[in-house]
Amino acid sequence: MSRPPTEKKGPSLQEALTRATRLLEEAGIDSARLDAEILLGEVMGLPRHQLYARLHDTLEKKPLGRFKRAISKRSKRIPLQYLVGHVEFMSLDFLIKKGIFIPRPETELVVEAVLERADVSKEVKILDIGTGSGNIAVSLAVMIAGARVYASDISQKALILARLNAERYLVEDRVSFLHGSRYEPFEGLGLEGHVDFIVSNPPYVPEGEWKALQPEVRDYEDPLALLGGGEGLDCYRVIVKGAPKWLRPGGWLVLELGEDQADRVEALLRGVAELGDITLVKDLQGIRRVIIARQREG
């Protein structure tokens with residue numbers, strides 16, 4: 001009498017990770033092992049660090065199938081953040097969706113610059129131009145109890161997601177999300193001359209550099225959130241020129257910079273008589289990443 005066929009045992013977590021890492025390496029992904037671990041953690045519903053205690057466990061059929069599909073998508077250079085659906089920023093967890101600009105760690109310097117200068121004993125009025133997922137606006141609302149943030153974006157899809165992120169941290173009553181370009185959505189709100197901070201991580205990639213970007217950026221993120229014209233300075237020109245109308249005396253303009261743009265943006269700021277006290281902040285790679293200017297008093 002023949003024995004019934006036995007179901008084939010799945011691979012261990014270690015074996016699945018090894019295979020997935022190899023596939024991602026072949027796709028040219030530098031962080032192959034890390035990405036594989038993060039995706040497996042998502043599939044298993046486990047924090048990444050807990051995987052190490054279970055590397056010899058068997059990966060069952062259904063989670064194995066989900067893991068394989070996720071690795072296949074990542075090997076096509078779909079950004080990891082779009083696959084897991086969230087991203088950490090300022091130690092907060094933000095929802096993210098395909099086509100919406102993914103928050104980067106260096107943008108935390110913008111938030112930190114505001115936190116260092118804000119008078120938290122008062123209401124702090126903030127304009128956030130090009131809010132994207134709302135990471136800057138929501139972080140500031142969470143971290144400054146008196147913050148009143150007005151955040152604009154030209155993408156309705158981004159604004160829907162930003163509102164979800166505000167609701168996630170219970171600050172939706174202190175962050176207004178407005179549809180439109182640059183300063184236009186703030187007109188008619190009585191904010192002229194009363195704003196404490198204008199913040200922005202504007203589109204700053206020169207059009208000629210688009211094709212040379214990583215596939216994750218070039219093929220999947222929104223070009224409108226990235227391209228800043230021929231020199232990458234189009235948005236800076238508008239934001240810098242318009243800032244004096246909105247800032248109160250002593251108010252601050254805080255802008256993220258693209259690599260090698262510091263000198264040119266500083267020149268724009270120096271060309272506006274109402275702005276001074278210019279400061280540059282470097283990121284961990286030594287790149288001048290954030291520029292800060294202040295509205296002159298009197």
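Coordinates for the structure precede this section.
This is a predicted model, so every value here is computed, not measured.

Chemist: Which residues make up the pattern of salt bridges, and what values go with them?
Modeler: Taken as a whole and judged by the stated rule, the model has 17 salt bridges. In this structure, Glu187 and Lys245 form a salt bridge, with 2.8 Å as the shortest nitrogen-oxygen distance. Taken as a pair, Glu187 in the loop between strand E5 (175–179) and strand E6 (195–200) and Lys245 in helix H10 (residues 234–246) lie far apart in primary sequence, 58 residues in all. Glu266 serves as the salt-bridge partner of Arg270, at 2.7 Å between the closest nitrogen and oxygen. In this pair, Arg270 and Glu266 both sit in helix H11 (residues 262–270), 4 residues apart, roughly one turn of the helix. By relative accessible area, which is 56% here, Arg270 ends up exposed. The class for Glu266 is buried, based on a relative accessible area of 17%.

Chemist: I'd like to hear about a positive patch on the surface, residue by residue, with values.
Modeler: A surface patch of like charges, here positive, comprises Lys62, Arg66, Arg69 and Lys73. Secondary-structure assignment places Lys62 in helix H4 (residues 61–75).

Chemist: Describe in detail the packing of aromatic side chains, supporting the description with residues and values.
Modeler: Per the counting criterion, the structure on display carries 4 aromatic pairs. Consider the rings of Phe89 and Phe94, whose centres lie 6.2 Å apart with planes at 80°: the pair is edge-to-face. Of the two residues examined, Phe89 and Phe94, each falls in the buried class. Taking the centre distance of 6.1 Å and the plane angle of 45° together, the rings of Phe94 and Tyr169 count as tilted. Placement of Phe94 in strand E2 (residues 92–95) and of Tyr169 in the loop between helix H8 (156–168) and E5 is noted, with a sequence separation of 75 residues between them.

Chemist: Explain the pairing of strand E8 (residues 275–282) to me, using residue names and the numbers behind them.
Modeler: Sheet topology places E8 next to strand E9 (residues 288–295); 6 bridges connect them, and they run antiparallel. Across the sheet, residue Val281 finds its bridge partner in E9, namely Val290. Taking the residues that link successive antiparallel strands as the turn, the E8-E9 hairpin has 5 residues, and the phi of Gly286 there is positive, at about 85°.

Chemist: Which residues make up the side chain of Ser152, and what values go with them?
Modeler: Here Ser152 is to be found in strand E4 (residues 147–153). With relative accessibility at 0%, the residue Ser152 sits in the buried group. With near-sequence residues (within four places) excluded, Ser152 lies in contact with Asp128, Ile129, Gly130, Thr131, Leu159, Leu178, Gly180, Arg182, Pro185 and Phe186.

Chemist: So, the environment of Arg248: which residues are in play, and what are the values?
Modeler: Looking at where Arg248 falls in the secondary structure, it is placed in strand E7 (residues 247–256). Arg248 has contacts with Gly193, His194, Val195, Asp196 and Gln295, leaving out every residue within four places of it along the chain. Within the structure, Arg248 has its side chain in polar contact with the side chain of Asp196 (distance 2.4 Å).

Rules of the game
Residues numbered from 1 in each chain as written. Predicted model: local features only at pLDDT ≥ 70, side-chain atom pairs only at ≥ 80, totals over all residues. Heavy atoms only, no water. Salt bridge = Lys/Arg side-chain N within 4 Å of Asp/Glu carboxyl O. Helix = DSSP H or I, 4+ residues; strand = E, 2+ residues; numbered from the N terminus. Buried < 20%, exposed > 50% of the residue type's maximum accessible area, 1.4 Å probe, protein only. Patch = residues over 30% accessible without salt bridge, like charges linked within 9 Å, V, L, I, M, F, W, Y side chains within 5 Å. Areas by Shrake-Rupley, 256 points an atom, 1.4 Å probe, with all protein chains shown as cover. Lys, Arg positive; Asp, Glu negative; His and termini not counted. Charge placed at Lys NZ, Arg CZ, Asp CG, Glu CD. Phe/Tyr/Trp six-rings, centres within 6.5 Å; stacked < 30°, edge-to-face > 60°. Pairing = 2+ DSSP bridges. Contact = heavy atoms within 4.5 Å. Polar contact = N/O pair within 3.5 Å; in protein donor to acceptor, adjacent residues only side chain to side chain.

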